[in-house]
Amino acid sequence: MKLSVNGTIHELAVEDDMPLLWVLRDELGLDGPKYGCGVAVCGACAVHVDGVAVLSCQVLAADVEGSVTTIEGLGDLAEMQAVQAAWLEHQVAQCGYCQSGQMIQAAELLANTTSPTDADIDEAMSGILCRCGTYPRIRAAVKTAAQNLKGA
Amino acid sequence: MGRAGTIARRSFLVGSTAILGGVAFGFYKYNQPLENPLLDTLAEGEAALTPYVLIDAEGITLITPRADMGQGAYSVQAALIAEELDVDLNQIKVDPGPPSKAYYNTALANDAVPFPSTNQSAAANTMRGTVDLVMKLMGVQLTGGSTTVPDGYEKLRVAGAVARETLKAAAAEQTGLATTQLKTERGAVVLPNGKRIPYQALAAKAAEIKPVTDVVLRPSTQWRLVGKPMQRVDMAAKTTGTQSYGIDMRMEGMVHAAIRLNPRKGGEVISFDASETEGMRGVQKVIPVTGGVGVIADNTWRAFQAVDAIDVEWGDAPYPAEQDQHWQVLADTLDSGDQDARPRDDGDVDSIPMTIKAEYRAPYVAHAPLEPLNATVRVTSTRVDVWTGNQIPRMTQANVAKITGVPVDNVHVHILMMGGSFGHRLEDDVVKRCAELAMALPGTPVKLTFKREEDTAQDFTRPIALMRGRGSVEAGHVTSMDIRVASPSILDSQMGERQGMGLPGPDATITQALWDQPYAIPHYRVTGYRSPKLGPVSSWRSVGASQNGFFHENFLNALIHEAGADPVEERLRLMTDEPSRKTLEAVAEMSGWGGALGANKARGVAFCLSFGTPCAQIIEITNGEDGIKLDKVWVAAEVGRVIDPVNFENLVQGGVIWGLGHAINSQITYSDGMAEQDNYYDFEGLRIYQTPEIMVRGLENRDHVTGVGEPPVPPAAPALAEAIFQATGTRPTEMPFANSFTFV
Ligand code: FES
Ligand code: FES
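Remember, it's a predicted structure, so these values are computed and weren't measured experimentally.

What is the right way to look at helix α15 (residues 567-574) of chain B in this model?
Every α-helical turn comprises 3.6 residues, leaving residues that sit three or four positions apart pointing alike. Residues and elements named next belong to chain B. When you tally the buried positions in α15, you get 6 out of 8 residues, the bulk of the element. The elements touched by buried residues of α15 are β20 (477-487), α14 (544-563), α16 (578-591) and β22 (601-610). Structurally, the start of α15 carries an N-cap: the backbone nitrogen of Val568 is 2.9 Å from a side-chain oxygen of Asp566.

Following this line, the structure appears as structure tokens:
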């Protein structure tokens, strides 16, 4: 099986039913995507596949067509860099465990919506759970990133 | 591993002795005169330095003895040291330090004495001093109880000042100048001619001289860091996905483990059949452990798959199998009248007719931090290494020594960044079970990761609690309040069942934040009842205050409503503590309390003094056609000193969200002896779409400093309950509210 991750093509010989998350973490040593629930309810494992946010615990590595970008990779999305800069500016993280999933999801939102409203943000981001409760800062950071992207 | 972890503990405790060409600074707090005979019982060696600053040729490391679970503890502690040391946060590294008695937690004493935190009298403080010494002797190194800031506020600044003055003395010896001619700035001693000698270059010299312990702390007006917005030291790593947590541990030759423990917590394994795992790819070994069975594999997912393929017959739970029976035990406990403690009994409660009655309930709730429990352990015949995110390193060290038979000094616990805890990592079963697995593979590092379902099933939850209240009103005012609460004992569960220690007195967490509220209700009684053991329980963010804040304030709001008074005005009238009153006034002012509200809008207020921090909240909701929507929350908290306003706001907002989320959505219930919930779909916190706007104000109206990790939690549920009552005419009597109301 071939898998393109962060610009590198990997040749892998894993089971057909191994989720992408565990290939990334345990076979490729990429720890940015996190394990939180394993059943599509927390979003900690989100990565981009061709710029679309997907839950890597739910996608089998064997089924991935396209290039995977994790938080470790810069990727093709300019939105990702704007998001990270805004996350730093607002100091969003507490424990930080959910934040790579949050940023991956936020970048996808901004790629599709240039001026997201609170309702847009709530709708796009509700799948990504934060047990520390950083949501007020997430809202603010998404808006800052949107502003900066427009100015760019 | 950080440098602090690799340096022999022994060399730490001898203080300023040279360490690898460097120097570790501490300070002699023990030598300060405390008027207490217990001081004399300290052995000579107990006056050990508490080392917080380590400087060598490689750089400056600040040792932060309280672990970071996401609350920014590393940054706050580092800032306190750096303030006096004259370094910037980007010039230093932070290391949580090895388990050591030197890092005992002073502030825990504050909640272990029979004086309310508002009592700063000589008697109360002397008592705190005594308990403090006991903590000192026991060497309680624990992160919790919102103690990080109160504990370190002075200690860590003194440590910074001692290090600075010693470095100046070293520079004086080296240059022949007087220390009064020297200044310090951004990690260097500055000579009168402007020449800078970096601290690192002075480390070897400083190690030779006696630390300068006679230091004066700078007044707050001179502070550069404390009180100003900071860039948290972990923020860049957490924003680029490069922060490593316990679950990310990776070592040469490491294997991956998964486990299943009896979901009837504490029950036995009758038998298991692991034949299905034979031939599964990557599976190396099946190992029975206490209360369950584990699998070793070459990848986490393969270990998860294999452990699920084992067929296990589980024994019965050592507690009632059904949830109804748990509630019945609490009701019976209250009926029995067998009280644990009556810490408040003002006026003449027995002779007052009290006709207003209430019964409220709080469910079991899980901690469920986003990073599931995990640990990595390597056992050899002479040494054990443990890598984990944990709030109790010294207890874990002792527990692992007991299991492995390796002497305690040869058990090395390395504390890693935690993906949340909320009290979850005050328990170390994951480490103990991992140690058992690792003993079967000597020399091999074993990383055990709990599946989310296992993490939920095995949680030591917040206890259930049942409250019955009576009260009366007269002439528009609340005149009596009698609260009785029953719950299983957290301390019994933690110290008794798991550490084998008896509980000498009542469990103060049962009546926590009920008895010490700053209200002068004329007839006012609080009684706690300790139920027989039920499901295993532990500390959950804000501990007893999380359910008791709901009970006390929901009932007080009910009484105030009966009196026909305004809930802010009546509280202000009853309040006896000035900082508490100012906290409530602040939140009323922030929210424009008393102004007109929009259509279908309602508001509720609540206050709770917990962990020494008065916190008041007002919430505004809309009661719409589809259900209740949380719009806005205003919060004020009195902490004496806000160390970092950015992190402060983030933590307070997080605390409110935690309090609201669980009040609305979350419960653990038992059936057939097992928790009925196992993952976030049936144990929901708050998601972003339900999150209100949250306005925060930190107050600094008094001298002593208190923490803010937990105090924002207790007022959230009762403030919301009051708003719901105002909107619907029905007062919520049990959490989670979603069982009885619809939320959007
Ligand atoms: S781990 Fe994939 S959604 Fe939670
Ligand atoms: S920052 Fe801790 S879970 Fe989101």
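Past the structure itself, the notes keep going.
I'm lost on the environment of Arg218 of chain B in this one. Help?
Residues and elements named next belong to chain B. Within the fold, Arg218 resides in the loop between α6 (199-208) and α7 (235-239). For the pair Arg218 and Asp316, spaced 98 residues apart in the sequence, the C-alpha separation amounts to 61 Å. Ignoring sequence-local partners within four residues, the contact set of Arg218 consists of Glu83, Glu84, Asp86, Arg157, Arg164, Thr184 and Trp223.

Which parts of the structure should I look at to understand the packing of aromatic side chains?
Both the distance between ring centres and the angle between the ring planes are used here to describe each pair of aromatic rings. Residues and elements named next belong to chain B. Under the defined criterion, the tally for this structure stands at 14 aromatic pairs over all chains. Ring geometry for Tyr360 versus Phe550: centroids 5.9 Å apart, planes at 45 degrees, classification tilted. Here the residue Tyr360 occupies a position in strand β14 (residues 356-362), and Phe550 occupies one in helix α14, the gap between them amounting to 190 residues. No difference in accessibility class separates Tyr360 from Phe550, as the two residues are buried. Relative to Trp658, the ring of Trp540 has its centre 5.1 Å away and its plane inclined at 40 degrees; by these criteria the two rings are tilted. Here the residue Trp540 occupies a position in the loop between β21 (523-530) and α14, and Trp658 occupies one in helix α17 (residues 645-665), the gap between them amounting to 118 residues. In terms of burial, Trp540 and Trp658 fall into one category: buried.

Would you mind going over the side chain of Gln94 of chain A with me for this structure?
Of note, Gln94 of chain A is situated in the loop between α2 (78-90) and α3 (99-112). What makes Gln94 of chain A buried here is its relative accessible area of 3%. A polar contact of 2.8 Å, which involves the side chain of Gln94 of chain A, links it to the side chain of Asn650 of chain B. Non-local contacts of Gln94 of chain A, meaning those with residues more than four positions away in its chain, are made with Cys132, Gly133 and Thr134 of chain A together with Gly70, Arg232, Asp234, Lys238, Asn650, Leu651 and Gly654 of chain B.

Whenever I open this one, the nonpolar core confuses me. Can you help?
Soluble globular proteins tend to bury their nonpolar side chains together. Residue and element names in this part refer to chain B. Ranked by size, the top nonpolar core spans 176 residues in total, and within it Phe555, Leu720 and Phe737 carry the most contacts. Other than its neighbours up to four places away in sequence, Phe555 contacts Ile356, Lys357, Ala358, Tyr360, Met467, Gly469, Arg470, Gly471, Met481, Ile483 and Phe550. Core analysis: the second largest hydrophobic core is formed by 40 residues, Leu62, Ala78, Ala163 and Ile197 among them.

Would you explain the interface of chain B and chain A in this entry?
Interfaces are often sized by the accessible area lost when the parts come together. Opposite the 61 residues of chain B that make contact, chain A presents 52 residues. Counting each side, the surface lost to burial between chain B and chain A is near 4,600 Å², with a carbon and sulfur contribution of 53%. Contact with chain A buries surface across chain B, with Trp301, Leu370 and Ile688 of chain B losing the most and accounting together for 19% of the total. In this structure, the connection of chain B to chain A is made through 7 salt bridges. Across the pair Arg302 of chain B and Glu15 of chain A runs a salt bridge, and its minimum N-O distance is 2.7 Å. On inspection of chain B and its partner chain A, the count reaches 36 residue pairs in polar contact (both at pLDDT 80 or more). Put simply, the parts of the chain that give the side of chain B that touches chain A at least two residues each are α7, α8 (300-308), α12 (452-457) and α17 of chain B. Examining the composition of the side of chain B that touches chain A, we find that 9 residues originate from one element, α17 of chain B, more than from any other. Residues of the side of chain B that touches chain A, tallied by class, amount to 28 nonpolar, 19 polar and 14 charged.

Is there a simple way to think about the confidence of the model for chain B in this case?
Do not read the predicted coordinates in detail wherever pLDDT is low. All names here are of chain B. Mean pLDDT over chain B works out to 86, with 85% of the residues at or above the 70 mark. In this model, residues 1-22 is a region of pLDDT below 50 whose contacts with residues beyond four sequence positions or in other chains number 55 contacts. With pLDDT under 50 throughout, residues 126-140 is counted as low confidence; its partners more than four residues away or in other chains account for 44 contacts.

Can you walk me through the domain arrangement of chain A in this structure?
All names here are of chain A. Along its sequence, chain A is organised into domain 1 (2-73) and domain 2 (78-151). Facing the 17 residues of domain 1 at the interface are 13 residues of domain 2. Summing both partners gives a buried area of about 1,100 Å² for domain 1 against domain 2, and 62% of it is carried by carbon and sulfur. At the junction of domain 1 with domain 2, the criterion picks out 5 residue pairs in polar contact (both at pLDDT 80 or more).

Looking at this structure, how should I read the sheet that holds strand β19 (residues 465-474) of chain B?
Strand-to-strand pairing in sheets goes through backbone hydrogen bonds, with the strands running parallel or antiparallel. Residues and elements named next belong to chain B. Spatial ordering of the open sheet is given by β13-β21-β20-β19-β14, a layout of 5 strands whose pairing is mixed. Each having just a single partner strand, β13 (341-346) and β14 make up the two edges of the open sheet. Neighbour-to-neighbour, the strand axes of the sheet open up by a mean angle of 10 degrees, direction not taken into account. Across 7 bridges, β14 lies against β19 in antiparallel orientation. The partner of Ile356 across the bridge, within β19, is Gly471. Strands β14, β19, β20 and β21 of the sheet are contacted by helix α9 (residues 323-336), whose axis makes an angle of about 50 degrees with β19.

How should I be thinking about the environment of Leu77 of chain A in this particular structure?
Residue and element names in this part refer to chain A. Mapping Leu77 onto the fold places it in the loop between β5 (67-69) and α2. According to the relative accessible area criterion, Leu77 is buried, its value standing at 15%. Ignoring sequence-local partners within four residues, the contact set of Leu77 consists of His48, Gly51, Ala107 and Ala111.

Please clarify how the pattern of salt bridges should be interpreted in this entry.
Pairs can form between side chains of opposite charge whenever their charged atoms are close. One pass over the full model with this rule turns up 48 salt bridges over all chains. Close ionic contact of Arg468 of chain B with Asp335 of chain B constitutes a salt bridge, the shortest N to O distance being 3.0 Å. Of this pair, Arg468 of chain B sits in strand β19 while Asp335 of chain B sits in helix α9, and the two are 133 residues apart along the sequence. Classification of Asp335 of chain B as exposed rests on a relative accessible area of 54%. With a closest N to O distance of 3.0 Å, Asp340 of chain B and Arg530 of chain B form a salt bridge. Note that Asp340 of chain B is positioned in the loop between α9 and β13 and Arg530 of chain B in strand β21, a separation of 190 residues in sequence. When its relative accessible area of 25% is taken as the criterion, Arg530 of chain B is described as partly exposed. Connected through shared salt-bridge partners, Glu15 and Glu27 of chain A together with Arg281, Asp298 and Arg302 of chain B make up one network.

What exactly am I supposed to notice about the pairing of β21 of chain B here?
Taken residue by residue, a regular strand's side chains alternate between the two faces of the sheet. Residue and element names in this part refer to chain B. A large share of β21 lies buried, amounting to 7 of its 8 residues. With 4 bridges joining them, β13 and β21 adopt antiparallel strand pairing. Paired with Ala341 across the bridge in β21 is Gly528. As defined by bridge partners, β20 adjoins β21 across 8 bridges and the pair is classed as parallel. Counted as the bridge partner of Ile483 is Val526 from β21.

Would you mind showing me how to read a negative patch on the surface here?
All names here are of chain B. A contiguous patch of negative charge, built from Asp273, Glu276, Glu278, Asp311 and Glu313, is present on the exposed surface. With respect to the helices and strands, the residue Glu276 is situated in the loop between β9 (269-273) and β10 (283-289). Look at Glu276 and you get exposed, because its relative accessible area is 60%.

Any chance you could explain unusual backbone geometry here in plain terms?
Excluding glycine, a negative phi dihedral is what most residues carry, and trans is how most peptide bonds are arranged. Of the consecutive residues Met735 of chain B and Pro736 of chain B, the connecting peptide bond is found in the cis state with omega at -5 degrees. Mapped onto the elements, Pro736 of chain B comes out in the segment after α18 (716-728). The phi dihedral of Asn6 of chain A is positive, around 50 degrees, even though this residue is not glycine. Among the secondary structure elements, Asn6 of chain A is positioned in the loop between β1 (2-5) and β2 (8-11). Notably, Gln91 of chain A is not glycine yet its phi reads approximately 50 degrees, a positive angle. With respect to the helices and strands, the residue Gln91 of chain A is situated in the loop between α2 and α3. Look at Gln91 of chain A and you get buried, because its relative accessible area is 7%.

Sorry if this is basic, but what is going on with the sheet that holds strand β27 (residues 693-699) of chain B here?
Residue and element names in this part refer to chain B. Within the open sheet, the 4 strands sit side by side as β22-β23-β24-β27. Their pairing is mixed. Both outer strands of the open sheet, β22 and β27, are each paired with one neighbouring strand and no more. Neighbour to neighbour, the strand axes of the sheet diverge by 15 degrees on average, direction disregarded. With 9 bridges connecting them, strand β23 (residues 613-623) and strand β24 (residues 628-638) associate as antiparallel partners. Across the sheet, residue Cys615 finds its bridge partner in β24, namely Ala637.

Procedures and definitions
Residues numbered from 1 in each chain as written. Chains lettered and ligands numbered in written order. Predicted model: local features only at pLDDT ≥ 70, side-chain atom pairs only at ≥ 80, totals over all residues. Heavy atoms only, no water. Buried < 20%, exposed > 50% of the residue type's maximum accessible area, 1.4 Å probe, protein only. Helix = DSSP H or I, 4+ residues; strand = E, 2+ residues; numbered from the N terminus. Contact = heavy atoms within 4.5 Å. Polar contact = N/O pair within 3.5 Å; in protein donor to acceptor, adjacent residues only side chain to side chain. Phe/Tyr/Trp six-rings, centres within 6.5 Å; stacked < 30°, edge-to-face > 60°. Core = buried A, V, L, I, M, F, W, Y, C linked by side-chain atoms within 4.5 Å. Buried area = accessible area lost by both parts, 1.4 Å probe. Salt bridge = Lys/Arg side-chain N within 4 Å of Asp/Glu carboxyl O. Nonpolar A, V, L, I, M, F, W, Y, C, P; charged D, E, K, R; others polar. pLDDT = per-residue confidence, 0-100. Domains from an automatic or database assignment. Pairing = 2+ DSSP bridges. Axes fitted to C-alpha atoms, helices over the stretch in contact; angles between N-to-C directions. Patch = residues over 30% accessible without salt bridge, like charges linked within 9 Å, V, L, I, M, F, W, Y side chains within 5 Å. Areas by Shrake-Rupley, 256 points an atom, 1.4 Å probe, with all protein chains shown as cover. Lys, Arg positive; Asp, Glu negative; His and termini not counted. Charge placed at Lys NZ, Arg CZ, Asp CG, Glu CD.

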